[in-house]
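Structural overview
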Amino acid sequence: MSSAEDRTARARIRDAAVEVFGREGFSASVRTIAARAGVSPGLVIHHFGSKEGLRQACDDRIDALMADKIATVSGPGEMGPAVLAYLSDTDTLGGVYLYAIRSIQAGGQLAHGLYDRLTRATRRYLETGVANGSIRPGADEDARAAYLVRHSLGIMLTDFLLHPPAPDDGTAEIVQGYLARNAAPVVELFTFGMLTDTTLYDDVLKHFPPTGGTS
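Residues numbered from 1 in each chain as written. Predicted model: local features only at pLDDT ≥ 70, side-chain atom pairs only at ≥ 80, totals over all residues. Heavy atoms only, no water.

1. Examining the packing of helix α6 (residues 90–106) against helix α9 (residues 171–192)
Where α6 contacts α9, the axes come no closer than 7 Å and their chain directions differ by 75 degrees. For the element pair α6 / α9, the angle class is roughly perpendicular. For the pair α6 and α9, contact is made by Thr90, Asp91, Leu93, Gly94, Gly95, Tyr97 and Leu98 and by Thr171, Ala172, Ile174, Val175, Gln176 and Tyr178, respectively. Here the residues of the contact of α6 with α9 sort into seven nonpolar, five polar and one charged. (Axes fitted to C-alpha atoms, helices over the stretch in contact; angles between N-to-C directions. Helix = DSSP H or I, 4+ residues; strand = E, 2+ residues; numbered from the N terminus. Parallel < 35°, antiparallel > 145°, perpendicular 65-115°, else oblique. Contact = heavy atoms within 4.5 Å. Nonpolar A, V, L, I, M, F, W, Y, C, P; charged D, E, K, R; others polar.)

2. Quick notes on the nonpolar core
Ranked by size, the top nonpolar core spans 40 residues in total, and within it Ile13, Phe21, Val44 and Tyr97 carry the most contacts. If you list the elements that add at least two residues to this core, you get α1 (3–24), α2 (30–37), α3 (41–48), α4 (51–70), α6, α7 (108–132), α8 (141–162) and α9. Take this core: its biggest share by element is seven residues, from α1. Discounting residues that sit within four places of it in the chain, Phe21 has contacts with Phe26, Ala28, Ile33, Lys51, Arg55, Cys58, Tyr99 and Arg102. (Core = buried A, V, L, I, M, F, W, Y, C linked by side-chain atoms within 4.5 Å. Buried < 20%, exposed > 50% of the residue type's maximum accessible area, 1.4 Å probe, protein only.)

3. Quick word on the pattern of salt bridges
Taken as a whole and assessed by the stated rule, the structure comprises eleven salt bridges. Notably, a salt bridge pairs Arg36 with Glu19, separated by 3.1 Å at the nearest N-O pair. Of the two residues, Arg36 sits in helix α2 while Glu19 sits in helix α1, which places them 17 residues apart along the sequence. Ionic pairing is found between Glu127 and Arg123, a salt bridge with its closest N-O pair at 3.1 Å. With Glu127 and Arg123 both in helix α7, this residue pair falls four residues apart, about one helical turn. On the basis of relative accessibility, which here comes to 44%, the residue Glu127 falls in the partly exposed class. A residue is classified by how much of its surface remains accessible, and Arg123, at 22% relative accessible area, is partly exposed. Beyond isolated ion pairs, a larger network of salt bridges with shared partners links Arg14, Asp15 and Arg61. (Salt bridge = Lys/Arg side-chain N within 4 Å of Asp/Glu carboxyl O.)

Right under this line is the structure:
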């Protein structure tokens, strides 16, 4: 097998694992993942060493996709087309959506690892947006990044429980349903806010100043 073919097989196995773990949870077998990728179980082990190594490759894939999202933080008036182009890849986003939910449901180090990675990526996203003027600065950027991750994961998990996908739903169909239910109200809230004055914010800061913690 050539090096190019080797890389292609590795990526195909990893992407299949993201999908299978997302649909079935982390108890899914290497054999199931291999079948989805159209390879032998032995080839999975050849590329990743173990099921745990394959999971790490899936985590790294999520990191890479988050880095791509940071690149969509365009300047004021330019963010819409970039974000919509990013969201148009519904097959990829659907796999990430399900994978993230399974990680949170699994709890333990799986959930903490995902949370830490997403928080770091979101912090970079905020830094980029603040620097180019598309995002307002926050009083505590670490605390804001941590909250945004908890906010997003909470919406995803709740939506998944209320609208569980059917076994024959494709990943594109799953993420399209999620976006149809949530994209407009979330963007409205982030764009316009909700309260008409700063009284509540001022009072809350007196009693609960941001700590910047991510735990």
